Protein chains: 2
Amino acid sequence: MNNNRYVIGIDYGSNSVRCVVINVVNGEECGSAVFDYPSGDAGVLTDTANPHVARQSPRDFIDGIEKSVKPALEQAAATTGFGTDRIIGIGVDTTGSTPIPVDADMTPLAFHETFKDNLNAQAWMWKDHSSMHEAEQITELARQNRPHYLAKCGGTYSSEWFFSKLLHCLNTDRKVFDAAYSWIEFADFIPAVLAGIKRPEDVKCGVCAAGHKAMYCEEWGGLPDNDFLATLNPALAELRPRLCQKAHTANESAGYLCKEYAATLGLPEGIAIACGAFDAHLGAVGAGVAEGRMVKILGTSTCDIMVAPNAQELPDIPGVCGIVDGSVLPGYYGIEAGQSAVGDIFNWFVTYVCQGNADLHANLTRKAAALKPGETGLLALDWNNGNRTILVDARLTGLLIGQTLHTQQHDIYRALIEATAFGARRILDRLSEYGVEIKEVINCGGIAEKNPLFMQIYADVMGRPMKVSASAQTCAVGSAIMGAVAAGPDKGGYATPEEAQKNICSYKDTVYTPDPDSQTTYNELYALYCQLHDSFGIKGTQFDHADVMKRLLEISQCAKSE
Amino acid sequence: MNNNRYVIGIDYGSNSVRCVVINVVNGEECGSAVFDYPSGDAGVLTDTANPHVARQSPRDFIDGIEKSVKPALEQAAATTGFGTDRIIGIGVDTTGSTPIPVDADMTPLAFHETFKDNLNAQAWMWKDHSSMHEAEQITELARQNRPHYLAKCGGTYSSEWFFSKLLHCLNTDRKVFDAAYSWIEFADFIPAVLAGIKRPEDVKCGVCAAGHKAMYCEEWGGLPDNDFLATLNPALAELRPRLCQKAHTANESAGYLCKEYAATLGLPEGIAIACGAFDAHLGAVGAGVAEGRMVKILGTSTCDIMVAPNAQELPDIPGVCGIVDGSVLPGYYGIEAGQSAVGDIFNWFVTYVCQGNADLHANLTRKAAALKPGETGLLALDWNNGNRTILVDARLTGLLIGQTLHTQQHDIYRALIEATAFGARRILDRLSEYGVEIKEVINCGGIAEKNPLFMQIYADVMGRPMKVSASAQTCAVGSAIMGAVAAGPDKGGYATPEEAQKNICSYKDTVYTPDPDSQTTYNELYALYCQLHDSFGIKGTQFDHADVMKRLLEISQCAKSE
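Asker: Please clarify how the overall build of chain A should be interpreted in this entry.
Answerer: Along the backbone of chain A there are 20 helices and 23 strands. Taking 2.2 N^0.38 as the reference for a compact globule, 562 residues should give roughly 24 Å; the C-alpha atoms of chain A span a radius of gyration of 23 Å, in line with that estimate. Overall, chain A is about 70 × 60 × 50 Å in size when its C-alpha atoms are taken along their principal axes. Across the 562 residues of chain A, 66% fall into the buried class. The long-range share in chain A, meaning contacts at least 24 apart out of those at least 6 apart in sequence, stands at 73%. Only carbon and sulfur atoms are counted for the fraction: they give 47% of the accessible area of chain A, which is about 19000 Å². Between the centroid of the 45 positive side chains of chain A and the centroid of its 67 negative side chains there is a distance of 1 Å.

Below, the structure written as structure tokens:
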């Protein structure tokens with residue numbers, strides 16, 4: 001008979017939801033399952049008239065609970081022979097900020113007949129950029145009247161965030177806005193559904209989404225104040241009491257498994273459900289984030305997560321997406337940075353420019369790996385989807401320089417990898433300027449596991465050792481860790497996330513360390529990258545660019561002659 | 001019995017040689033043939049270790065005489081029933097500057113067993129850029145000691161030109177340099193071969209190659225002086241007496257068909273052979289170049305040819321490839337400008353980046369034609385092969401800006417067409433600043449004939465009507481015109497090229513005129529192009545680029561919403 005305790009982690013990504021069941025004692029993954037969102041284009045609802053629109057179906061999210069948890073439990077039961085009474089906790093992470101308009105009994109507006117085909121009544125996906133102008137308006141108002149709101153989110157409020165999206169809906173589709181009793185973050189919505197919460201007021205929302213994306217801070221009484229919201233639009237202030245009033249860290253309990261979902265999933269009622277948080281933040285927990293150790297979640301976009309003890313004062317860091325007390329681990333400031341497109345840039349290049357299929361990635365990677373640093377003669381800015389950190393500007397675009405009549409696909413592919421590495425280094429440098437020193441980087445995600453070239457370039461460009469998380473599912477593992485802490489030691493869980501991390505997190509044997517020669521070349525290219533970055537990204541900066549192309553040629557010739 | 005008179009035009013391009021036989025009275029083309037150079041990659045000999053190297057086989061050139069003239073004559077004879085005694089003149093044009101090292105009896109060094117596999121003993125093709133450093137050295141020396149040399153060739157001596165190539169050979173392969181008794185321009189070499197000239201000293205060289213590429217000017221006594229050459233390298237000064245001493249316009253006779261070639265080609269001995277000139281210059285003649293009327297030869301690269309009366313003083317025009325008295329028409333300054341890569345950029349994109357075949361051009365053109373000006377959101381610099389005019393800098397490279405995750409192949413294709421059009425306009429603007437006003441543009445070459453989208457974009461960007469030469473072979477027609485003038489009125493030819501042009505040149509019915517709305521958008525984009533052009537191309541210029549990407553987005557959104 002199996003007496004071990006197990007926890008469930010549910011991880012909602014951009015295109016699918018994944019569930020893992022892990023052993024609380026040693027982190028062993030004994031069951032997992034994935035459910036691909038059936039709607040739209042790989043789960044994304046788009047608008048042919050506006051490329052900035054990206055929505056998702058709340059139905060996919062809800063269906064995803066049963067479709068991922070049940071098969072994962074079945075697999076785990078088959079592997080370990082456990083009974084479902086051995087499950088002590090459930091944790092949930094999602095992408096975000098992804099606000100979902102709901103009615104007074106927590107039903108998504110999208111489920112109403114009137115709104116079922118209305119994109120604005122769906123979940124507003126994190127990468128939706130249709131609210132660019134509203135983001136500028138919020139930033140401008142905060143700059144004038146509430147600079148402290150901006151200081152915590154890097155100096156600019158993004159079009160990807162909560163209030164930009166609500167305000168854009170208010171400006172462009174008043175019917176949907178008025179029909180919404182409240183807007184619930186995806187990360188808060190799923191735990192509430194599992195706990196059977198039927199009133200938006202009863203939802204225990206997570207500090208991760210609220211703090212990083214909705215300007216929530218206890219210092220100023222939670223969400224932005226009434227006056228501020230009313231200046232943007234009185235309807236926003238009117239909505240405020242029905243939004244998050246008090247936010248919680250992810251180790252806290254959001255409720256307990258309700259009768260309906262206990263029946264659906266074949267689990268006992270009353271299992272502890274952790275408060276929801278973003279995939280990147282719980283992914284960082286699952287990967288072993290700690291002071292001095294950044295966790296990089298490499299996917300279509302990238303999230304960098306760090307922590308700094310909240311016992312001491314941390315200065316505001318311009319251009320960093322957010323610094324929120326408790327958003328990653330209780331007792332630490334959670335610091336979030338990131339790049340709007342990483343995997344998405346390679347996918348764009350392969351799919352749109354090369355018109356190749358997924359196999360082309362491996363082929364281009366192989367050829368690119370035969371090149372030396374600098375040999376391509378190319379340099380790119382990684383802004384095809386804007387810049388999230390440190391410029392926080394969705395209206396920046398890509399740049400490629402140095403192409404000759406001999407430039408080939410794999411040259412460009414390598415230059416794009418390097419561009420994302422330079423973007424990543426620029427973030428490290430900014431953190432370092434403000435006293436947050438990173439000694440090593442733990443990487444998660446498919447790219448980290450599958451692409452040694454990518455990892456070596458990152459090590460060489462960033463000048464830090466790159467480790468790779470042993471689990472392919474660090475986000476789900478992080479959620480499971482929080483499920484184990486929400487359950488607590490009495491139920492066989494843990495008192496703190498750190499204790500859980502010590503037992504559960506592990507790393508792959510291969511560590512990518514910087515090569516000194518490559519570092520030298522990349523330092524030169526990085527200086528040129530910074531010149532273009534500042535020139536095209538920061539108003540009021542001027543450079544003499546007349547040597548850029550020639551420097552790239554020289555570096556290339558030098559690399560070839562080695 | 002056919003009593004008409006006919007002339008032969010032989011046009012040596014980058015990858016093939018073409019011969020046409022035309023009726024002197026009305027320009028009717030009654031025979032033509034093409035011979036593709038069999039050596040290397042479509043006639044180009046490359047060096048895997050150095051992408052700047054581009055050489056050609058003198059054997060291909062010589063074989064090309066018989067292989068193109070004979071079948072063209074056969075076709076003409078079959079069509080018209082003429083006898084070969086009806087041929088009154090032969091004209092020749094070639095690419096260049098393409099110096100060929102020869103021994104004392106005019107045999108190319110490449111024909112010697114010792115040198116047959118040595119790339120440096122072959123013809124140094126126009127687009128060979130291996131002499132970049134030598135070009136800089138020549139420019140620097142002239143800037144210090146002979147500024148007047150530079151003034152006529154746009155302020156910078158190019159790596160594509162005669163003395164850069166000779167000096168590079170001298171610096172890197174002394175054996176070849178020492179074995180060369182002289183170096184003959186391709187354009188001078190073929191007429192000399194036809195005329196049976198057996199000593200380099202007896203070659204009648206054309207002012208077109210000498211003036212535009214070898215700093216020849218009667219004002220200062222021909223080629224650069226001994227001191228100048230000796231400072232570069234004493235061996236160059238030593239060579240000077242065996243190089244061109246006196247240069248001629250293309251209407252002058254280079255000699256008369258020798259016995260050997262008369263036999264080879266089945267023609268009578270003694271037919272007048274015009275002095276050789278470059279393909280672009282004679283193409284302009286064949287297309288009807290005249291004051292106020294630019295001829296654009298659109299090919300892998302582009303040559304712009306204009307004329308201005310030599311009765312009045314013409315100021316030096318910085319960055320224009322050359323201003324040479326008589327290089328196009330006697331009595332006029334010939335002005336040459338151009339772009340190092342036009343068709344080559346589209347070929348590069350289709351072949352190297354898209355990995356598509358030639359059909360993809362038509363497919364991308366069709367999709368690009370459905371876009372409005374500015375809709376792509378992209379802007380490019382057309383410098384994949386450096387910039388010939390007005391920056392005269394082979395070490396510049398390409399740039400593409402504005403790409404998002406939605407940018408597609410045909411967006412980039414259109415942006416590349418637009419980039420070449422902006423580059424073309426920049427040349428027009430520079431000429432206009434110095435008093436050379438262009439009212440209309442005659443276009444020649446495959447792109448002009450086959451791609452209405454390209455022509456309309458050029459009309460819209462350049463703000464001038466675009467006409468297309470009726471003949472697909474204007475270069476060969478221009479050569480034939482010079483053959484007719486070299487023969488003279490007594491033999492049934494003409495006294496002047498203008499008289500011949502009046503009878504021979506004609507245009508296609510379709511004229512592309514600027515669309516005012518498109519012009520407005522392109523004026524905005526052109527301003528951004530100029531900003532990037534100057535920023536990356538001219539030392540000491542600084543701009544605030546922070547708005548560039550945003551302006552492109554705005555222009556794109558505006559175009560889409562129309």
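Asker: Any chance you could explain the sheet that holds strand β5 (residues 50-56) of chain A here in plain terms?
Answerer: Paired through their backbone hydrogen bonds, the strands of a sheet run either parallel or antiparallel. All names here are of chain A. The strand order across the open sheet built from three strands is β4-β5-β8, with neighbouring strands paired in antiparallel fashion. Looking at which strands have only one partner, the edges of the open sheet turn out to be β4 (45-47) and β8 (123-124). Sheet topology places β4 next to β5; two bridges connect them, and they run antiparallel. By the bridge assignment for β5, L45 is matched with R55.

Asker: Help me out: how do you make sense of the interface of chain B and chain A in this one?
Answerer: In many reports, interface size means the accessible area that the parts give up when they come together. Between chain B and chain A, the residue contacts involve 51 residues of the former and 52 residues of the latter. Carbon and sulfur atoms supply 55% of the area that chain B and chain A bury against each other, a total of about 4700 Å² over both sides. Counting across the interface, chain B meets chain A through six salt bridges. In this structure, the salt-bridge partner of K539(A) is D547(B), at a minimum N-O distance of 2.8 Å. Our enumeration of links across chain B and chain A arrives at 29 residue pairs in polar contact (both at pLDDT 80 or more). Of the residues belonging to the side of chain B that touches chain A, the class tally is 24 nonpolar, 19 polar and eight charged. Relative to strand β20 (residues 398-403) of chain B, strand β20 (residues 398-403) of chain A runs antiparallel, the two sharing five bridges. Looking at β20(B), one finds that L399(A) is bridged to I401(B).

Asker: So what exactly am I meant to see when it comes to the state of the cysteines here?
Answerer: The bond known as a disulfide is covalent and runs between the sulfur atoms of two cysteines. Residue and element names in this part refer to chain A. Tallied over the full model, the rule gives two disulfides over all chains. Here C205 is linked by a disulfide to C244, with a sulfur-sulfur distance of 2.3 Å. The sign of the S-S torsion, about 60°, decides the handedness of the disulfide formed by C205 and C244: right-handed. Of this pair, C205 sits in strand β10 (residues 205-206) while C244 is found in the loop between α9 (234-239) and β11 (247-248), placing the two residues 39 residues apart along the sequence. There is no disulfide at C275, and the cysteine sulfur nearest it, in C205, is 7.9 Å away.

Asker: In this structure, what is going on with the environment of N26(A)? I would like to understand it.
Answerer: All names here are of chain A. Secondary-structure assignment places N26 in the loop between β2 (16-23) and β3 (29-36). Residue classification places N26 among the partly exposed positions, given a relative accessible area of 40%. Considering only alpha carbons, one finds N26 and S506, 480 residues apart in sequence, at a separation of 9.8 Å. Not counting chain neighbours up to four residues away, the residues in contact with N26 comprise N503 and I504. Reaching out from N26, the side chain makes a polar contact with the backbone nitrogen of E28 at a distance of 2.9 Å.

Asker: Can you help me understand the relation of the copies chain B and chain A in this one?
Answerer: Copy one and copy two of the chain differ by a rotation about an axis and a translation along that axis. Each copy of the sequence occupies a distinct position, and chain B is placed on chain A by a rotation of 179° and an axial shift of 0.0 Å, giving an RMSD of 0.1 Å. On the angle and the small slide along the axis, the relation comes out as a two-fold axis. An overlap of 100% is found between the interface residues of chain B and their copies at the interface of chain A, pointing to a shared contact surface.

Asker: I tried to follow the sheet that holds β20(A) on my own but got confused; where do I start?
Answerer: Strand order in the open sheet formed by four strands is β19(A)-β20(A)-β20(B)-β19(B), with antiparallel pairing between adjacent strands. Each having just a single partner strand, β19 (379-381) of chain A together with β19 (379-381) of chain B make up the two edges of the open sheet. The average undirected angle you get between the axes of adjacent strands in this sheet is 10°. Contacts between helix α20 (residues 548-561) of chain A and the sheet are confined to β19 and β20 of chain A together with β19 and β20 of chain B, with β20(A) contributing the most and set at about 60° to the helix.

Asker: Sorry if this is basic, but what is going on with the pattern of salt bridges here?
Answerer: Opposite charge on two side chains permits them to pair, given that their charged atoms come into close proximity. Inspection of the entire model under this criterion finds 53 salt bridges over all chains. K296(A) is the salt-bridge partner of D304(A), the closest N and O atoms lying 2.7 Å from each other. Grouping residues by exposure puts D304(A) and K296(A) together as buried. The salt bridge involving D429(A) is made with R425(A); its shortest N-O contact spans 3.7 Å. Taken together, the residues span about one helical turn, with D429(A) and R425(A) both in helix α14 (residues 409-433) at a distance of four residues. Linked through salt bridges whose partners overlap, the residues forming this network are E136(A), R395(A), E524(B), R551(B) and E554(B).

Asker: What is the right way to read the pairing of strand β16 (residues 302-309) of chain A from this model?
Answerer: Residues and elements named next belong to chain A. Of all eight residues making up β16, eight are buried, and the element is well covered by its neighbours. Covered by surrounding structure in β16 are T302, D304, M306 and A308 together with C303, I305, V307 and P309, the residues of both alternating faces. Sheet topology note: the strand β15 (residues 293-298)/β16 ladder contains four bridges and is antiparallel. Residue pairing in the sheet places V295 in a bridge with I305 of β16. As consecutive antiparallel partners, β15 and β16 are separated by three residues. Bridging between β16 and strand β18 (residues 332-339) involves eight bridges; their strand directions are antiparallel.

Asker: I'm lost on the nonpolar core in this one. Help?
Answerer: Most often, soluble globular proteins have nonpolar side chains that are buried together. By size, the foremost hydrophobic cluster in this structure holds 148 residues, and its most contacted members are I401(A), F536(A), I401(B) and F536(B). What F536(B) contacts, discounting residues up to four positions off in sequence, is I401(A), L532(A), F536(A), H545(A), A546(A), V548(A), M549(A), L381(B), W383(B), L396(B) and L399(B).

Quick notes on the rules
Residues numbered from 1 in each chain as written. Chains lettered and ligands numbered in written order. Predicted model: local features only at pLDDT ≥ 70, side-chain atom pairs only at ≥ 80, totals over all residues. Heavy atoms only, no water. Helix = DSSP H or I, 4+ residues; strand = E, 2+ residues; numbered from the N terminus. Rg over C-alpha atoms; globule rule 2.2 N^0.38 Å. Buried < 20%, exposed > 50% of the residue type's maximum accessible area, 1.4 Å probe, protein only. Contact = heavy atoms within 4.5 Å. Areas by Shrake-Rupley, 256 points an atom, 1.4 Å probe, with all protein chains shown as cover. Lys, Arg positive; Asp, Glu negative; His and termini not counted. Charge placed at Lys NZ, Arg CZ, Asp CG, Glu CD. Pairing = 2+ DSSP bridges. Buried area = accessible area lost by both parts, 1.4 Å probe. Salt bridge = Lys/Arg side-chain N within 4 Å of Asp/Glu carboxyl O. Polar contact = N/O pair within 3.5 Å; in protein donor to acceptor, adjacent residues only side chain to side chain. Nonpolar A, V, L, I, M, F, W, Y, C, P; charged D, E, K, R; others polar. Disulfide = S-S within 2.5 Å. Least-squares fit on C-alpha atoms with pLDDT ≥ 70 in both. Axes fitted to C-alpha atoms, helices over the stretch in contact; angles between N-to-C directions. Core = buried A, V, L, I, M, F, W, Y, C linked by side-chain atoms within 4.5 Å.

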